[in-house]
Amino acid sequence: MTTVEKLKRILVEDLNLEELTPGDIDENAPLFGEGLGLDSLDAVELIVIVQKRFGIEIRDMEEGKAAFRSVQALASYIEGRLSGG
Amino acid sequence: MSGTGRIVIEGVGAVGGFGCGIADLSRALADGDVRPGSLALSPGSGPVEFAAFRADTSRLKEFVPARDLRRIDHFSRLALLGSHLALADAGLPESERHRLGVIVASGYGATGITYAFLKSFINDGDICASPTYFANSVHNSAAAHISILLGARGPSLTVSQFDLSVPSALLCVREWLLEGRVDRVLFGAVEELSDLIGYAWYRLRGASCSPMTPLWTEKETAIPAEGAAFFLFSRAEEARAGYCTLETAIVGSPANAGFPLPGSGLLLLGADGRRETGRRYAPLAENARIACYSPLYGSMPAGPAFDLAAAALILKGGRIFPSPGGASLDFPATVPAGGEPVGTDRISCLALADDGAFGLTTLGKLPDSQ
Amino acid sequence: MSVAPVAIAGMGCISAAGRNLPDSMKSLLRGERSPAPPVRFASDHPVRFPVFEAVDFEEPPDLLRTGAFALHAAREAVADAGLDRKTLGALRVGVCVGTTVGSVMSEETFCRGYLAGGDPDMAPFRRILRSNPADVIAREFGLSGPRQTVVTACSSSTDAVGIAGSWIRAGLCDAVIAGGADELGRITYIGFISLMITDDSPCRPFDKNRKGLNLGEGAAMLLLASEPALRRSGMRARSFLLGYGSAGDAYHLTAPRPDGAGLRSAISEALATGGVSPASVAFVNAHGTGTPDNDRVEGRVLQDMLPGVPFLSTKGYTGHTLGAAGAIEAVFTAACLEMGKIPASAGFETPDPDIGTLPVREVTTVPGSCALSETLAFGGNNSVVVLGRA
């Protein structure tokens, strides 16, 4: 499973997006505001999710903001950190 | 504030072991019998299953879209369901919600999500604690979700005083309306029977093996429960139809002279099968006609709110429901099976804490003109 | 719309700033503060966040720390009013106390034991059942009046004080011990860190470079009394509760409404019930937690509704004491009114152009006769009290 696919599954499960399936999520759509419509509480939850599921620590929301632009952006960020970036 | 100073209950909503809504509650009161469900746990000593009154929130989706409920836990769902049922029962239009105060009473609060929060860091380390679970584990999360989803921007209050949570909160229901701070108050009590509370109950009291018989005060027969009972209160001048008036709300400890029990009329007892509080009711109920409906919804700090709902239904319908299990030696003046006309303009609901503090709420019949 | 003032006959408080009110005020006016990583508990979180613990305070084994704080402050308030258990017993006295931790039905050791498949000792759970702060105070003084524990998160004890005032005006009782208490523990610490609203350095309310709050703990109690009770018991009024306002944002569980609409309504109601105009407000004790969101919203509302009125946050001295904050800050407000001066807003250095106003940077004389204390809570509850000089 690619990181993008893994993330879509995680988002549906961990954020309890009951009425969506992973296939419904557009990896290039915004996560916050429009697109998936997540909010500030989801943002901090996502930081914990990334820590728990991938072992990656995001220290502050500035770092988080860039990574959370979309599912694709987050996948790239995670892959970059995992490969030692 | 001019006017009669009278406060009216315009709507009632309730969900619990008896079902969901006023029709289910009325049927349970008329039948005098509700079979409890059960709670299954796996503590260290081995799996147990014991009688418990469980509440089902599946009807909440009639009022709130699933999308808005994704982060909302069972405790807040119970409160949301109770709220919407009460508002629907009162027929309050959305346009009249802006001067709406919200008051929630709960003895134990959101224990399910609190336990989930603890698990999130116990299992994976402090850095993996879930902020969503934490934000929802504050006691006032139910009131917050209610206010947010209803768009209610008046004051909001949450009260937690164990067995006296309901009568204590009613003090503020009354004052907010009489002071003119708000035009209406959505008030309710909610209790969640989480695994954590169920386990503590089981350890402290054991499992109940028999139906609840709270009026046999020397026995321990309490069955743990969850549910929500909500009411829409308004001043009499602004109320449409209604159930009854709120005459008085008193909370205190008996000083020297005993306390102001009504001489006649009907007294609903908050006895709920717990022996240590049950035995306190007997000496107080010598002269009053008694009923005790807790066997229909179970034992929980929010219980007195269900007594209030029963009283409201009696005053509106004109007939007293039979007290489940009938009279006992301690309470010979219990309302007999078969029900009877109310015969009184007032019903008082009495709740006792185990240290002798009490809450006494008196409801009155609406004048015929209303 | 304005309501009758209610006398405040006694006050007590405990926090990292001091074990009692006089010591706390001395320390505030000297600009002292010593936030440090927690010593009473440990966390495996990689960052050590400063907190404001009342390190010298030990609770007895049979009570939750929160209940013990509540008792400590209540005893000081009752003694300050010149009363004791016997003289208090001649009055019908209620209790109205705010808290968050004091009402939470969980304890980590107990939960760990259960989660691990054991049958943990029930003592921690029994201690919780015994430690409801209003019950604890009522038992200590043998009180017969109404009792209520308010759990509206960070605004709990502002609400408790406001509610106590309404009980007295309505004649429900002669006096009320009103206030709040909250202890700092691991669960709270971990929870606030997870929300990413804590600062890993000493907090900087209203500062341009603020990063978040520091947690604190403590309690404060005010003895409110009716006029007849004052006279009958020989108490004197130290100050007055003039007004109270409260309104909800109906917006979000943790973030304040960006336009501060709820806070605006609460301030308006407080001023109206207090019969007080913005021009006569001597100062404002702001909520001022040091989080980017709170201080921006609150600062802008203050700039708009009370322009030119000096304001400060005392959370730079006590940390955010959650359910106790409203009462601790009301007590500081009353004490400052008596003295006619306010301390510097600790932690503030650089103005934030995004807020457009700034708190006082040094001890400031405030000759006016009334002041506001405000608290903004999770769940969007905004509560404000107006206090007046005796």
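Residues numbered from 1 in each chain as written. Chains lettered and ligands numbered in written order. Predicted model: local features only at pLDDT ≥ 70, side-chain atom pairs only at ≥ 80, totals over all residues.

Draft legend 1. Quick look at the overall build of chain B. Counting its regular elements, chain B contains 9 helices and 15 strands. Since a compact globule built from 370 residues should have a radius of gyration of about 21 Å, the 20 Å found for chain B is in line with a globular shape. Buried positions account for 60% of the 370 residues belonging to chain B. By sequence separation, contacts in chain B at least 24 residues apart represent 77% of the contacts at least 6 residues apart. (Helix = DSSP H or I, 4+ residues; strand = E, 2+ residues; numbered from the N terminus. Rg over C-alpha atoms; globule rule 2.2 N^0.38 Å. Buried ≥ 20, exposed ≤ 12 C-beta atoms within 10 Å, placed from the backbone. Contact = placed C-beta atoms within 7 Å.)

Draft legend 2. View of the nonpolar core. Residues C:Val176, C:Leu222, C:Leu224 and C:Val331 are the most contacted members of the largest nonpolar core, which totals 288 residues. When residues no more than four places from it in sequence are discounted, the contact partners of C:Leu222 are C:Ile8, C:Met11, C:Ala77, C:Val161, C:Ala178, C:Gly179, C:Ala327, C:Ala330 and C:Val331. (Core = buried A, V, L, I, M, F, W, Y, C linked by C-beta atoms within 7 Å.)

Draft legend 3. Up close: the interface of chain B and chain C. Taken together, the contact pairs 59 residues of chain B with 58 residues of chain C. It is helix 3 (residues 111-124) of chain B that contributes the most residues to the side of chain B that touches chain C, 8 residues altogether. In terms of residue class, the side of chain B that touches chain C is made up of 32 nonpolar, 20 polar and 7 charged. (Nonpolar A, V, L, I, M, F, W, Y, C, P; charged D, E, K, R; others polar.)

Draft legend 4. Here's a closer look at the packing of helix 10 (residues 261-274) of chain C against helix 11 (residues 292-305) of chain C. Residue and element names in this part refer to chain C. The N-to-C vectors of helix 10 and helix 11 enclose an angle of 45°; their axes lie 10 Å apart at closest approach. With respect to their mutual orientation, helix 10 and helix 11 come out oblique. The interaxial crossing formed by helix 10 with helix 11 has right-handed handedness. Counted together, Leu263, Arg264 and Ile267 of helix 10 and Val297, Glu298, Val301 and Met305 of helix 11 form the full contact between these two elements. Grouping the constituent residues of the contact of helix 10 with helix 11 by class yields 5 nonpolar, no polar and 2 charged. (Axes fitted to C-alpha atoms, helices over the stretch in contact; angles between N-to-C directions. Parallel < 35°, antiparallel > 145°, perpendicular 65-115°, else oblique. Left-handed = near helix turned anticlockwise from the far one by under 90°.)

Draft legend 5. How the structure looks around the packing of helix 3 of chain B against helix 4 (residues 108-115) of chain C. Here helix 3 of chain B crosses helix 4 of chain C at 75°, and the two axes come no closer than 11 Å. By the criterion of interaxial angle, the relationship of helix 3 of chain B to helix 4 of chain C is roughly perpendicular. From helix 3 of chain B, B:Tyr115, B:Leu118, B:Lys119 and B:Ile122 reach across to helix 4 of chain C, where they touch C:Glu108, C:Cys111, C:Arg112 and C:Leu115. Across the contact of helix 3 of chain B with helix 4 of chain C, the residue classes tally to 5 nonpolar, no polar and 3 charged.

Draft legend 6. Representation of unusual backbone geometry in the model. Residues and elements named next belong to chain B. Not every positive phi belongs to a glycine, and Phe162 is a case in point at roughly 45°. Mapping Phe162 onto the fold places it in the loop between strand 6 (156-159) and helix 6 (165-178). Overall, Phe162 belongs to the buried group, with 20 C-beta atoms counted inside 10 Å.

Draft legend 7. A look at the environment of C:Asp293. All names here are of chain C. Inspection of the secondary structure assignment puts Asp293 in helix 11. For the pair Asp293 and Phe240, spaced 53 residues apart in sequence, the C-alpha separation works out to 32 Å. If we ignore the near neighbours within four places in the chain, the residues touching Asp293 are Ala255 and Pro256.

Draft legend 8. Broad picture of the environment of C:Leu224. Residues and elements named next belong to chain C. Note on placement: Leu224 falls in strand 5 (residues 218-225). Under the C-beta neighbour-count criterion, Leu224 is labelled buried, with 31 such atoms within 10 Å. Considering only alpha carbons, one finds Leu224 and Ser43, 181 residues apart in sequence, at a separation of 40 Å. With near-sequence residues (within four places) excluded, Leu224 lies in contact with Val6, Ala7, Ile8, Ala164, Gly165, Ile168, Ala175, Val176, Ala178 and Leu241.

Draft legend 9. Region of interest: the pairing of strand 11 (residues 370-376) of chain C. Residue and element names in this part refer to chain C. Counting buried positions over the 7 residues of strand 11 gives 7, a clear majority of the element. Two elements, strand 11 and strand 12 (residues 381-389), share 7 bridges in a ladder whose sense is antiparallel. When the sheet's bridge partners are listed, Cys370 is paired in strand 12 with Gly388. The antiparallel pairing of strand 11 with strand 12 creates a hairpin that spans 4 residues between the two strands, and Gly379 there sits at a positive phi of about 90°. (Pairing = 2+ DSSP bridges.)

Draft legend 10. Focus on the interface of chain B and chain A. Counting residues at the interface gives 12 residues for chain B and 10 residues for chain A. In terms of residue count, the dominant contributor to the side of chain B that touches chain A is helix 4 (residues 131-136) of chain B (3 residues). Partitioning the side of chain B that touches chain A into residue classes produces 6 nonpolar, 2 polar and 4 charged.

Draft legend 11. Geometry of the pairing of strand 7 (residues 184-191) of chain B. Residue and element names in this part refer to chain B. Within strand 7, 8 of the 8 residues are buried, which leaves it mostly tucked inside the rest of the structure. Neither face of strand 7 is open: one carries Arg184, Leu186, Gly188 and Val190, the other Val185, Phe187, Ala189 and Glu191, and all of them are buried. The pairing of strand 5 (residues 100-105) with strand 7 spans 6 bridges and is classified as parallel. Bridge pairing in strand 7 places Val104 opposite Gly188.

Draft legend 12. Examining helix 7 (residues 156-169) of chain C more closely. All names here are of chain C. With 14 residues, helix 7 should cover 20 Å at 1.5 Å per step; its first-to-last C-alpha distance of 20 Å lies within 8% of that length. Counting buried positions along helix 7 yields 13 of 14 residues, so the element is predominantly enclosed. Phi for Gly171, located one or two positions after helix 7, is positive at around 75°. (Expected span 1.5 Å × (residues − 1).)

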